[in-house]
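Descriptive analysis of the structure
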Amino acid sequence: MRRLAFHDALTLLANRNLFRDRVQHALTLAQRHSTCVAVMFIDLDNFKNINDSLGHDAGDRLLRALAQRIVTASCSSDTVARLGGDEFAVLLEGVAAITDVERRAEALIQILEMPLALDGREVRGTASIGIASSAAEAGAEALLSNALLALGCVAGQGFLFARAGSLEQLSQSPFVARRKQLWTAQAAREELSATGRFKALQAIDPQAQGAA
């Protein structure tokens, strides 16, 4: 029961709540060892079309297969999570250089775009990745918010790194408000599953983060 409360039932990956806890723990360690962490939010761009045309069962099998690809492409020290729907995330600890994260994002996109046989058809998709890295003193909410901002702006265009100078512009994206709502709603459902009650969850607000 405890495993189900902190893992996604379909893919058995970490769920949103466990991922958030891992991010906070990673930042605590980073502060202790003067290292850096990064978060990648991954969205499967055309999953809805595949799901609608082939059916939900095929869609579930596709999600499991792509989840396994993400795990295979990740390091043993990474945390891979399914955030809900067709969105995944990867936590990278001990990041030495931002260019290393970018190379991994490029490689991950290529892996996810490789054709996959599903019900006698060759399925091809594209993926978008929003990335943020954090100094040890930054909080988990700021790191997650920045990655979410980047993902909200990059749709269908590969990957985008949320850098300090671009955060204000990213926060104006019309995609961001909807993604924040989905994040909060999914976290509330997982809290209900884990505890039997809803917990008051605060939406990620990048403008509030910047004002703090």
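Note that this is a predicted model, so its numbers are computed, not measured. (Residues numbered from 1 in each chain as written. Predicted model: local features only at pLDDT ≥ 70, side-chain atom pairs only at ≥ 80, totals over all residues. Heavy atoms only, no water.)

Quick notes on the confidence of the model for the protein
For the protein, mean pLDDT is 77; residues scoring 70 or higher make up 71% of the total. The least confident element of the protein, judged by mean pLDDT, is helix H9 (residues 206-211) at 40; the most confident is strand S3 (residues 87-92) at 96. Contacts from residues 195-212, a stretch scored under 50 in pLDDT, to residues over four places away or in other chains number 29 contacts. (pLDDT = per-residue confidence, 0-100. Helix = DSSP H or I, 4+ residues; strand = E, 2+ residues; numbered from the N terminus. Contact = heavy atoms within 4.5 Å.)

Side note on the sheet that holds strand S1 (residues 37-44)
Spatial ordering of the open sheet is given by S2-S3-S1-S6-S7, a layout of five strands whose pairing is mixed. In this open sheet, the two strands that pair with only one neighbour each are strand S2 (79-84) and strand S7 (159-161). Each adjacent strand pair in this sheet contributes to an overall mean axis angle of 20°, direction not counted. As defined by bridge partners, strand S6 (residues 127-134) adjoins S7 across three bridges and the pair is classed as parallel. Looking at the pairing, Ile129 lines up with Phe159 of S7. (Pairing = 2+ DSSP bridges. Axes fitted to C-alpha atoms, helices over the stretch in contact; angles between N-to-C directions.)

Quick notes on the nonpolar core
Of all hydrophobic cores here, the largest spans 32 residues; its most connected members are Met40, Ile42, Leu44, Ile70, Phe88, Leu112 and Ile129. Looking at this core, the elements with two or more residues in it are S1, helix H3 (47-54), helix H4 (56-73), S3, helix H5 (98-112), strand S4 (116-118) and S6. At six residues, H4 tops the list of elements feeding residues into this core. Those residues in contact with Ile42 that lie beyond four places of it in its chain are Ile70, Asp86, Glu87, Phe88, Val90, Leu108, Leu112, Ala127, Ser128 and Ile129. Leu27, Ala30, Leu143 and Ala147 belong to the second largest nonpolar core, which has 24 residues in total. (Core = buried A, V, L, I, M, F, W, Y, C linked by side-chain atoms within 4.5 Å. Buried < 20%, exposed > 50% of the residue type's maximum accessible area, 1.4 Å probe, protein only.)

Notes on empty space enclosed by the protein
By the definition in use, this model includes one cavity of 30 Å³ or more. Of the voids in this model, the largest cavity is the one considered here, and its volume is about 120 Å³. In this structure, the largest cavity is lined by 15 residues; those nearest its centre are Leu62, Leu66, Leu112, Arg124 and Gly125. Mapped by element, the contributors of at least two residues to the lining of the largest cavity are H3 and H4. With three residues, H4 is the single largest residue contributor to the lining of the largest cavity. Tallied by class, the residues present in the lining of the largest cavity amount to ten nonpolar, three polar and two charged. (1 Å grid on protein atoms, 1.4 Å probe; cavity = no way out; pocket = protein on both sides within 12 Å on 5 of 7 lines; lining within 4 Å. Points joined across faces, edges and corners; volume = space filled by probe spheres on them. Nonpolar A, V, L, I, M, F, W, Y, C, P; charged D, E, K, R; others polar.)

Points about helix H2 (residues 16-33)
Because an α-helix packs 3.6 residues into every turn, residues spaced three or four apart end up facing the same way. For H2, which comprises 18 residues, the first-to-last C-alpha distance of 26 Å matches the rise-based estimate of 26 Å (1.5 Å per residue) to within 8%. The opening residue of H2 is Asn15, an N-cap whose side-chain oxygen sits 3.2 Å from the backbone nitrogen of Asn17. Ser34 lies just past H2 and shows a positive phi near 55°. (Expected span 1.5 Å × (residues − 1). Polar contact = N/O pair within 3.5 Å; in protein donor to acceptor, adjacent residues only side chain to side chain.)

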